[in-house]
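Structural overview for review
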Amino acid sequence: MRTNLILAWLGGLVLFAAAFLLFNAELLIQSVLYRAAASDHASAVSAFLSMAVQALLLLLLLIFLPRKWLGILLMLVAVSAIINVTYSGILGEVLDPSKIAWMLAEARQSSNAIGQFGAEFALAAGKVLAGIILLCLSRQLLRRTILPTLQNLSMAPTLRFFVMAGLTAMFLLSHIPWFGPVSSERNLYVFGTALLNAKPPPDRGPVIVEADPSRQIRKIVWLVDESISHDAFDRLIKPDIRDHQAIDFGPATSLGNCSTPSNIALRSGVNVLKVNAKTDLRATPSIWQYARKAGYQTVLLDGQVSGPPQNMMLPPERGLIDQYKSMADGLHTDRKMADVINAKLKAPDKEFVVAVLRGVHFQYTDHYPDGISDKSKPPIYQYEKAVRFSKKDVLERVLDGVDRQNVAIIYTSDHGQNVKPGVVPHCSANPVRQEFEIPLFAFLPESRRPLFAAMTDGPRSASQIFPTSIVWMGYSADYAEKTYDHRLMQPSKRQVWFGRTVVPVNPGDQIDVGTIASYQASNPD
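The structure reproduced in this document is the subject of the present report. (Residues numbered from 1 in each chain as written. Predicted model: local features only at pLDDT ≥ 70, side-chain atom pairs only at ≥ 80, totals over all residues. Heavy atoms only, no water.)

1. Regarding the overall build of the chain
- Tallying secondary structure elements over the chain gives 18 helices and twelve strands in all.
- Considered along the principal axes of its C-alpha atoms, the chain spans approximately 95 × 55 × 45 Å.
- Taking all 525 residues of the chain together, 52% fall into the buried category.
- At a minimum sequence separation of 6, the contacts of the chain that also span at least 24 residues come to 77%.
- Accessible surface, the chain: about 23300 Å² in total, of which carbon and sulfur atoms supply 61%.
- Computed over 52 positive and 45 negative side-chain charges, the inter-centroid distance for the chain is 7 Å. (Helix = DSSP H or I, 4+ residues; strand = E, 2+ residues; numbered from the N terminus. Buried < 20%, exposed > 50% of the residue type's maximum accessible area, 1.4 Å probe, protein only. Contact = heavy atoms within 4.5 Å. Areas by Shrake-Rupley, 256 points an atom, 1.4 Å probe, with all protein chains shown as cover. Lys, Arg positive; Asp, Glu negative; His and termini not counted. Charge placed at Lys NZ, Arg CZ, Asp CG, Glu CD.)

As structure tokens, then:
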């Protein structure tokens, strides 16, 4: 009898350990095994002890929680675990508070991600389901062996309630232990709590210079497309706009290989020579502040959402936009947006317009008619077909009948696209060159074109859109270039890019920022 109890006890522990490993394999590999392999034994031991403490806490709850409470706990465990296991399976990384914030900012693309990575989601769901089953079996074996030995111990029902409630709250909400990683079955709630309790963003700095109205262009428009690579633009879009005298700045570098970091940096402006891991882009004057001070009406048109603005646009920034219009409306969204922009260009108002186009975010078959029939076709076939349909007549409709003598339009994309089978097309953990290469061109008044006639050869960056635009708003060119980057007539001073942690969660946190030069040196094609 005693032997059977011991075997049941050991079996319960083995099943529990197997479930914990299913949930936390990537986290244990990166925080323990990799650290040990790098001879960082102190960090490896600390991470192992942290995970052991969290495993023990889960084990206690598994054994002693009443069945109804346990059902709720296991449901919450499954949600957190499946998000972690899926994220790690696709990107090979582990979650932290900044990545949770990025995921929330990118939530609008969740259906696209599920469609593109259905196999990874299914595999993660299978692992988590297996883990939950193992936990239930473990509970049966452990309660059979442990509860009889505790029968002589009594605890008042009220006290038992508060002990169990306290342990459950500690498990779900607290960063305990305070050292090492937070395990996958609970970190969604721990990090979510940290985000909810994070300090509000800093106030943006003021615009300290004045604009000269005599040097202004009346209409300034940014067309920011989604997932259009320079190669696709050059082959599929550029031939159709040759007659419109666009100034092409060649393959430029995006400010990130993900949408949210790229858009935040574009709107905030980047001092490319001074930016570092301690920079907070939320503290600098935004493009809306410059436009407002220069007397422009500010307009944001978004073809990707049907509700509030996206890309981590916080209320203080939203308050600087005079007109916001969500315009997501199916496959023809970009053409409908083009008609709205065209009408604005013909109106007399002085306006600064940012138009976030629908573009062709994966999965590509969602972006052209009857795409479902092409599911078996190669990704490059789907992508090119989506780009052709998405951009057909869009730029022509924007420019149709417009007097361009007082209009400046910049077209670009938030990031490029690595269109190959079996890879993450953009926002990968280890990005490749194609994820950064974007189109960048401008339609300008005839009076401004001579400035670009003798452009200096060299790499351009999306960071140059901001200083170029504020000069068009009438601000000093010397100030713009000293504070941010060269204007588009010259190569970028320093090509930088931002990762998913584009803003700090808490004061003092570091952000993900690097240079294209150092990236290319460590990632040669």
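2. Observations regarding the nonpolar core
- Of all hydrophobic cores here, the largest spans 85 residues; its most connected members are Leu73, Ile409 and Tyr411.
- Take this core: its biggest share by element is nine residues, from helix α2 (residues 41-64).
- Residues within four places of Ile409 in sequence aside, it is in contact with Val221, Leu223, Leu345, Val398, Leu399, Phe441, Ala442 and Phe443.
- Among the nonpolar cores identified, the runner-up in size contains 58 residues, and Ala265, Ala294, Leu320 and Leu488 belong to it. (Core = buried A, V, L, I, M, F, W, Y, C linked by side-chain atoms within 4.5 Å.)

3. Describing a nonpolar patch on the surface
- A cluster of nonpolar side chains, namely Ile6, Leu7, Trp9 and Leu10, defines an oily patch on the protein surface of about 380 Å² accessible area.
- By the secondary structure assignment, Trp9 is in helix α1 (residues 2-37). (Patch = residues over 30% accessible without salt bridge, like charges linked within 9 Å, V, L, I, M, F, W, Y side chains within 5 Å. Salt bridge = Lys/Arg side-chain N within 4 Å of Asp/Glu carboxyl O.)

4. Quick look at the state of the cysteines
- Scanning the entire structure with this criterion turns up one disulfide.
- Two residues share a disulfide in this structure: Cys258 and Cys427, whose sulfurs sit 1.8 Å from each other. Taking the torsion about the S-S bond as the criterion, the Cys258 to Cys427 disulfide, at about 95°, is right-handed. One end of the pair, Cys258, is in the loop between β3 (252-253) and α10 (259-268); the other, Cys427, is in the loop between β7 (407-413) and β8 (437-438), and 169 residues separate them in sequence.
- Judged by its relative accessible area of 7%, Cys427 is buried. (Disulfide = S-S within 2.5 Å.)

5. Some remarks on the pattern of salt bridges
- What the rule picks out here adds up to 23 salt bridges.
- For Asp248, the salt bridge is made with Lys238, and the minimal N-O distance between the two is 2.7 Å. Of the two residues, Asp248 is situated in strand β2 (residues 247-248) and Lys238 in the loop between α9 (230-237) and β2; the sequence distance between them amounts to ten residues.
- On the basis of relative accessible area, Lys238 is assigned to the partly exposed category, the value being 23%.
- Arg292 is the salt-bridge partner of Asp322, the closest N and O atoms lying 3.1 Å from each other. Residue Asp322 is located in the loop between α12 (315-318) and β5 (323-326), and its partner Arg292 is located in helix α11 (residues 287-293); the two are separated by 30 residues in the primary sequence.
- On the basis of relative accessibility, which here comes to 36%, the residue Asp322 falls in the partly exposed class.
- By sharing partners, the salt bridges in this structure join Asp231, Arg235, Glu384 and Arg388 into a single network.

6. Observations concerning the side chain of Glu226
- Among the secondary structure elements, Glu226 is positioned in the loop between β1 (219-225) and α9.
- Judged by relative accessible area, which is 1%, Glu226 ranks as buried.
- Of the polar contacts made by the side chain of Glu226, one reaches the side chain of Ser259; its length is 3.3 Å. (Polar contact = N/O pair within 3.5 Å; in protein donor to acceptor, adjacent residues only side chain to side chain.)

7. Remarks on the environment of Ser80
- Mapping Ser80 onto the fold places it in helix α3 (residues 67-91).
- Measuring from C-alpha to C-alpha, the distance between Ser80 and Thr253 comes to 35 Å, with 173 residues separating the pair along the chain.
- When sequence neighbours within four positions are dropped, the list of residues in contact with Ser80 reads Ser184, Glu185, Arg186, Asn187, Leu188 and Tyr189.
- Reaching out from Ser80, the side chain makes a polar contact with the backbone oxygen of Ser184 at a distance of 2.6 Å.

8. Let's talk about the pairing of strand β6 (residues 351-356)
- Burial within β6 is extensive, with six of its six residues counted as buried.
- Of the two faces of β6, the one holding Glu351, Val353 and Ala355 and the one holding Phe352, Val354 and Val356 are both buried throughout.
- In this structure, strand β4 (residues 297-302) lies alongside β6, joined through six bridges in parallel fashion. When the bridges of β6 are listed, Asp302 appears paired with Val356. (Pairing = 2+ DSSP bridges.)

9. Focus on unusual backbone geometry
- Residue Gln363 is reached from Phe362 by a cis peptide bond, and omega for that bond is 5°.
- The topology assignment puts Gln363 in the loop between β6 and α14 (379-391).
- Although it is not a glycine, Asn311 adopts a positive phi angle of roughly 55°.
- Take Asn311: it is sitting in the loop between β4 and α12.
- Accessibility expressed as a relative area gives 3% for Asn311, which makes it buried.

10. Side note on the pairing of β4
- For β4, the buried fraction is high: five of the six residues fall into the buried class.
- As defined by bridge partners, β4 adjoins β5 across four bridges and the pair is classed as parallel. Across the sheet, residue Asp302 finds its bridge partner in β5, namely Ser326.

11. As for the packing of α1 against helix α6 (residues 118-146)
- Two elements in contact, α1 and α6, have axes whose closest approach is 8 Å; the angle formed by their N-to-C orientations is 155°. Judged by the angle between their axes, α1 and α6 are roughly antiparallel. Regarding α1 and α6, the two cross each other, and that crossing is left-handed.
- Each residue belonging to the contact of α1 with α6 can be placed in one class, and the counts come to 19 nonpolar, five polar and two charged. (Axes fitted to C-alpha atoms, helices over the stretch in contact; angles between N-to-C directions. Parallel < 35°, antiparallel > 145°, perpendicular 65-115°, else oblique. Left-handed = near helix turned anticlockwise from the far one by under 90°. Nonpolar A, V, L, I, M, F, W, Y, C, P; charged D, E, K, R; others polar.)

12. Considerations on the packing of aromatic side chains
- Taken as a whole and judged by the stated rule, the model has 15 aromatic pairs.
- Taken together, a centroid distance of 5.0 Å and an interplanar angle of 15° make the contact between Phe233 and Phe441 stacked. Here Phe233, found in helix α9, pairs with Phe441, found in strand β9 (residues 440-443); they are 208 residues apart in sequence, far enough to count as distant. Judged on exposure class, the residue Phe233 and its partner Phe441 are both buried.
- Plain terms: the ring middles of Tyr290 and Tyr484 are 6.2 Å apart, the flat faces sit at 75° to each other, and that makes the pair edge-to-face. Of this pair, Tyr290 sits in helix α11 while Tyr484 sits in the loop between α17 (477-483) and β11 (496-498), and the two are 194 residues apart along the sequence.
- Grouping aromatic residues by their ring pairs yields a cluster made of Tyr290, Phe466, Tyr475, Tyr479 and Tyr484.
- The cationic tip of Arg335 hangs over the ring face of Phe389; the distance from NZ or CZ to the ring centre is 4.7 Å. (Phe/Tyr/Trp six-rings, centres within 6.5 Å; stacked < 30°, edge-to-face > 60°. Lys NZ or Arg CZ within 6 Å of the ring centre and 35° of its normal.)

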